[in-house]
Amino acid sequence: MLMHIRPAIVSLVLLTAITGVVYPALVTAIGELVFSHQANGSLIVKEGKPVGSALIGQPFDDPKYFWGRPSATSPFGYNAGASVGSNLGPTNPDLIKTVQGRVDALKAADPGNGAPVPVDLVTASGSGLDPHISPAAALYQVERVAKARNMSAADVRALVDRHTEGRQLGFLGEPRVSVLALNLALDGR
């Protein structure tokens, strides 16, 4: 019996050391050396202090800022520890009511804006953490932000254009605008 137990124990200890210590340490070291920024949360630093992550959205509700995509995480929006969508179907009355409330809030914040509200300003994503909005969603908000900051709409639109990122590798995904980077650029003016 001892001759069957000993190889099992040796295998357990050896595989535990390899998969529980050596492999994680190797992957962590490679991540830190090759992808240090990403391995440390893709933090955006301003004046030596982290102000957010390039990967996780933040709530902005002041009229002088661009607003991001709504978050369905709980117990508060943009909770990275609870990444989740609402899981409400398109015909669910609760979703329809929530979206209509968001449309009404956007129209109340900018009553002179008669443009159609872009869908990504009123619906949450599957993760609830999106840091980006579409260029259409950013352009929809230009007049409100310009008015709140006493800037010309052309200057704000130019900032949106400068912060619009193209498709990844030229063909993956859609053009997008980082809400945090855009708002930091506005604050830097």
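Nothing here was measured: the structure is a model prediction, and the numbers come from that model.

Engineer: What is the right way to look at helix α7 (residues 179–188) in this model?
Structural biologist: Owing to its 3.6 residues per turn, the α-helix brings residues three or four apart onto one side. Three or more residues of α7 are buried, namely Val179, Leu180, Leu182, Asn183, Ala185 and Leu186. Lining the buried residues of α7 we find β1 (43–46), β2 (49–53), β3 (132–133), α5 (142–149), α6 (153–162) and β5 (176–178).

Engineer: Is there a simple way to think about a nonpolar patch on the surface in this case?
Structural biologist: There is a patch of nonpolar side chains on the surface, built from Met1, Leu2, Ile5, Ile9 and Val13 and spanning about 560 Å² of accessible area. With respect to the helices and strands, isoleucine 5 occurs in helix α1 (residues 2–34).

Engineer: Looking at this model, I keep getting lost on empty space enclosed by the protein. Mind explaining?
Structural biologist: Unoccupied space between atoms shows up once a probe the size of one water molecule is rolled over them. Evaluated as defined, the whole model comprises one cavity of 30 Å³ or more. The computed volume of the largest cavity comes to approximately 60 Å³. Ser53, Ile56, Gly57, Gln58, Phe60, Gly68, Asp130, Pro131, Val179 and Leu180 together form the lining of the largest cavity.

Engineer: Hey, could you run me through the layout of surface pockets in this one?
Structural biologist: Taken as a whole, the largest pocket encloses approximately 150 Å³ of empty space. Ser86, Asn87, Leu88, Leu95 and Ala124 are, among the 13 residues lining the largest pocket, the residues nearest its centre. Across the lining of the largest pocket, the residue classes tally to five nonpolar, seven polar and one charged.

Engineer: I keep staring at the sheet that holds strand β4 (residues 164–165) and nothing clicks. Help me out?
Structural biologist: Remark on secondary structure: sheet strands pair via backbone hydrogen bonds, oriented parallel or antiparallel. In spatial order, the strands read β3-β5-β4; together these three strands make up an open sheet with antiparallel pairing. Among the strands making up the open sheet, the edge pair consists of β3 and β4. Judged from the two bridges that link them, β4 and β5 form a sheet pairing that is antiparallel. Bridged to glutamate 165 within β5 is arginine 176.

Engineer: What should I look at first to understand the pattern of salt bridges in this one?
Structural biologist: Any two side chains of opposite charge can pair, on the condition that their charged atoms come close. Counted according to the given criterion, the structure contains five salt bridges. Put simply, arginine 157 and glutamate 143 hold a salt bridge, and the shortest N to O gap is 3.7 Å. With arginine 157 in helix α6 and glutamate 143 in helix α5, this residue pair connects regions lying 14 residues apart in the sequence. Among the residues examined, glutamate 143 registers a relative accessible area of 42% and is labelled partly exposed. Residue arginine 176 is joined to glutamate 165 by a salt bridge in which the shortest nitrogen-to-oxygen separation is 3.4 Å. Of the two residues, arginine 176 is situated in strand β5 and glutamate 165 in strand β4; the sequence distance between them amounts to eleven residues. Judged by its relative accessible area of 30%, glutamate 165 falls in the partly exposed class.

Engineer: Looking at this structure, I do not really get the nonpolar core. What am I missing?
Structural biologist: Across soluble globular proteins, nonpolar side chains show a tendency to be buried alongside one another. The biggest cluster of nonpolar side chains holds 29 residues, and the ones touching the most others in it are Phe66, Leu106, Val117, Leu121 and Ile133. Elements that contribute at least two residues to this core include exactly α3 (93–109), α4 (135–140), α5, α6 and α7. At five residues, the largest contribution of residues to this core is made by α7. Once residues lying within four places of it in the same chain are set aside, the contact partners of isoleucine 133 are Trp67, Gly68, Arg69, Asp120, Leu121, Ala138, Gln141, Arg176, Val177 and Val179.

Engineer: Any chance you could explain the packing of aromatic side chains here in plain terms?
Structural biologist: Two aromatic rings are characterised by how far apart their centres lie and by the angle between their planes. Taken as a whole and judged by the stated rule, the model has one aromatic pair. Summarising the aromatic geometry, the rings of phenylalanine 60 and tyrosine 65 are spaced 5.4 Å apart at their centres and angled 45° between planes, so their arrangement reads as tilted. Residue classification places tyrosine 65 among the buried positions, given a relative accessible area of 15%. Seen from the ring of tryptophan 67, arginine 144 lies directly overhead, with NZ or CZ sitting 3.8 Å from the centre.

Thresholds, definitions, all that
Residues numbered from 1 in each chain as written. Predicted model: local features only at pLDDT ≥ 70, side-chain atom pairs only at ≥ 80, totals over all residues. Heavy atoms only, no water. Buried < 20%, exposed > 50% of the residue type's maximum accessible area, 1.4 Å probe, protein only. Helix = DSSP H or I, 4+ residues; strand = E, 2+ residues; numbered from the N terminus. Contact = heavy atoms within 4.5 Å. Patch = residues over 30% accessible without salt bridge, like charges linked within 9 Å, V, L, I, M, F, W, Y side chains within 5 Å. Areas by Shrake-Rupley, 256 points an atom, 1.4 Å probe, with all protein chains shown as cover. Salt bridge = Lys/Arg side-chain N within 4 Å of Asp/Glu carboxyl O. 1 Å grid on protein atoms, 1.4 Å probe; cavity = no way out; pocket = protein on both sides within 12 Å on 5 of 7 lines; lining within 4 Å. Points joined across faces, edges and corners; volume = space filled by probe spheres on them. Nonpolar A, V, L, I, M, F, W, Y, C, P; charged D, E, K, R; others polar. Pairing = 2+ DSSP bridges. Core = buried A, V, L, I, M, F, W, Y, C linked by side-chain atoms within 4.5 Å. Phe/Tyr/Trp six-rings, centres within 6.5 Å; stacked < 30°, edge-to-face > 60°. Lys NZ or Arg CZ within 6 Å of the ring centre and 35° of its normal.

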